[in-house]
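One-letter residues, chain by chain:
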Amino acid sequence: LKEGPNEILYVVNSRTGGIQTLKSHIYLWKSTQKLIISDIDGTITKSDVLGYIFPLFGKDWSHEGVTDLFTNLYKKGYKIVYLTARAIGQSSMTKNYLNNLIQEQNKLPPGPMLMSPDGLFSALKREIIQRKPHLLKIPLLTEINNLFPDNTQPFYAGFGNRDTDAIAYRYLDIPLNNIFIVDTNSDVLQLGKEETTTYNEINNQLEHYFPKQN
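Caption draft 1: Main features of the overall build of the protein chain. The helix and strand tally for the protein chain stands at eight helices and eleven strands. In the protein chain, which comprises 214 residues, the proportion classed as buried is 45%. Nonlocal contacts in the protein chain, meaning residues at least 24 apart in sequence, comprise 61% of its contacts between residues at least 6 apart. A total accessible area of about 11800 Å² is found for the protein chain, and carbon and sulfur atoms account for 52% of it.

Here is the structure:
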């Protein structure tokens, strides 16, 4: 494997469907790499529900400045992990959305996308009815954390839009100052300081929030 994304291809030959292929990526990072977690629905998109629907009709429903911010974080040496409670059957649609979102000529940087391994009904039940998506996100993030050496902290910061995102990020010992919760008006709350900002303002003061990584 080379450092960064490595494309892999799964090939299945069935009697009824013939040859079927599935493309994915394996990411190889240094053991000292610092990661930033970003929820997708309500965090990159402006809302949980409309973020599913509007992109299907070609309408941009994303928070202003999100691609610029994440692009500059990537340039400073951070890697982005995209996290969603969407079902595995929505993986292609979600990847297409992330890959095709462009603001001010900037696209979102590449990164692995973690999502629910079960079906749509179970994912919607957990997200909308039970309102406990952190019960999925915590074990997913813990698996990533366990890939790194003991006594290290790979997760530097987390972006979300709900208290449950903050619960998941705190479970991974991300400091409160590095947890950012965005609302539907694109106002971003830095939990540790109880200060409200925006993606654009964070981007304008990037060194203050995110020192450059080696």
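Caption draft 2: Here's a closer look at the nonpolar core. One finds Ile 44, Phe 70, Leu 73, Tyr 82, Phe 159, Ile 202 and Phe 210 to be the most contacted residues of the largest nonpolar core, which totals 27 residues. For this core, the elements supplying multiple residues, two or more each, are α2 (66–75), β4 (79–87), α3 (91–100), β7 (113–116), β8 (155–160), β9 (179–182), α7 (199–204) and α8 (206–209). Counting residues per element, this core draws most heavily on α2, at four residues. Discounting residues that sit within four places of it in the chain, Phe 210 has contacts with Ile 36, Leu 73, Lys 76, Tyr 78, Tyr 156, Ala 157, Phe 159, Phe 180 and Ile 202. Counting 21 residues, the second-largest nonpolar core is a separate cluster that includes Phe 155, Tyr 169, Ile 179 and Leu 191.

Caption draft 3: Fine view of a nonpolar patch on the surface. Taken together, Leu 1, Ile 26 and Leu 28 make up a surface patch of nonpolar side chains, about 280 Å² in accessible area. Along the chain, Leu 1 turns up in the segment before β1 (4–14). With a relative accessible area of 71%, Leu 1 lands in the exposed category.

Caption draft 4: Structural context of the environment of Gly 160. Checked against the element boundaries, Gly 160 lands in strand β8. Separated by 121 residues in the primary sequence, Gly 160 and Asp 39 place their C-alpha atoms 5.2 Å from one another. If sequence neighbours within four positions are ignored, Gly 160 has contacts with Asp 39, Thr 43, Asp 165, Tyr 169, Phe 180, Ile 181 and Val 182.

Caption draft 5: Quick peek at the layout of surface pockets. Here the largest pocket defines a volume of roughly 1300 Å³. Lining the largest pocket are 36 residues, with Ser 24, His 25, Tyr 27, Pro 112 and Met 113 sitting closest to its centre. Residue assignment for the lining of the largest pocket shows that the elements contributing at least two residues are β1, β2 (18–28), α3, β7 and α5 (134–145). For the lining of the largest pocket, the leading source of residues is β2, giving seven residues.

Caption draft 6: Highlighting the packing of aromatic side chains. Counted under the stated rule, the structure contains eleven aromatic pairs. Aromatic pair Tyr 78 and Tyr 156: ring centres 5.3 Å apart, planes at 50 degrees, arrangement tilted. Here Tyr 78, found in the loop between α2 and β4, pairs with Tyr 156, found in strand β8; they are 78 residues apart in sequence, far enough to count as distant. Here Tyr 78 falls in the buried class, since its relative accessible area comes to 0%. Ring centres of Tyr 78 and Phe 210 lie 5.7 Å apart, and the angle between their planes is 80 degrees; this geometry places the pair in the edge-to-face category.

Caption draft 7: Broad picture of the pattern of salt bridges. Taken as a whole and judged by the stated rule, the model has four salt bridges. With a closest N to O distance of 3.0 Å, Lys 137 and Asp 39 form a salt bridge. Taken as a pair, Lys 137 in helix α5 and Asp 39 in strand β3 (residues 35–39) lie far apart in primary sequence, 98 residues in all. As far as the burial class goes, Lys 137 and Asp 39 line up, both buried.

Caption draft 8: Representation of the pairing of β2 in the model. For β1 and β2, the ladder comprises eleven bridges, and the chain directions are antiparallel. Within β2, the residue paired with Asn 13 across the bridge is Ile 19.

Rules of the game
- Residues numbered from 1 in each chain as written.
- Predicted model: local features only at pLDDT ≥ 70, side-chain atom pairs only at ≥ 80, totals over all residues.
- Heavy atoms only, no water.
- Helix = DSSP H or I, 4+ residues; strand = E, 2+ residues; numbered from the N terminus.
- Buried < 20%, exposed > 50% of the residue type's maximum accessible area, 1.4 Å probe, protein only.
- Contact = heavy atoms within 4.5 Å.
- Areas by Shrake-Rupley, 256 points an atom, 1.4 Å probe, with all protein chains shown as cover.
- Core = buried A, V, L, I, M, F, W, Y, C linked by side-chain atoms within 4.5 Å.
- Patch = residues over 30% accessible without salt bridge, like charges linked within 9 Å, V, L, I, M, F, W, Y side chains within 5 Å.
- Salt bridge = Lys/Arg side-chain N within 4 Å of Asp/Glu carboxyl O.
- 1 Å grid on protein atoms, 1.4 Å probe; cavity = no way out; pocket = protein on both sides within 12 Å on 5 of 7 lines; lining within 4 Å.
- Points joined across faces, edges and corners; volume = space filled by probe spheres on them.
- Phe/Tyr/Trp six-rings, centres within 6.5 Å; stacked < 30°, edge-to-face > 60°.
- Pairing = 2+ DSSP bridges.

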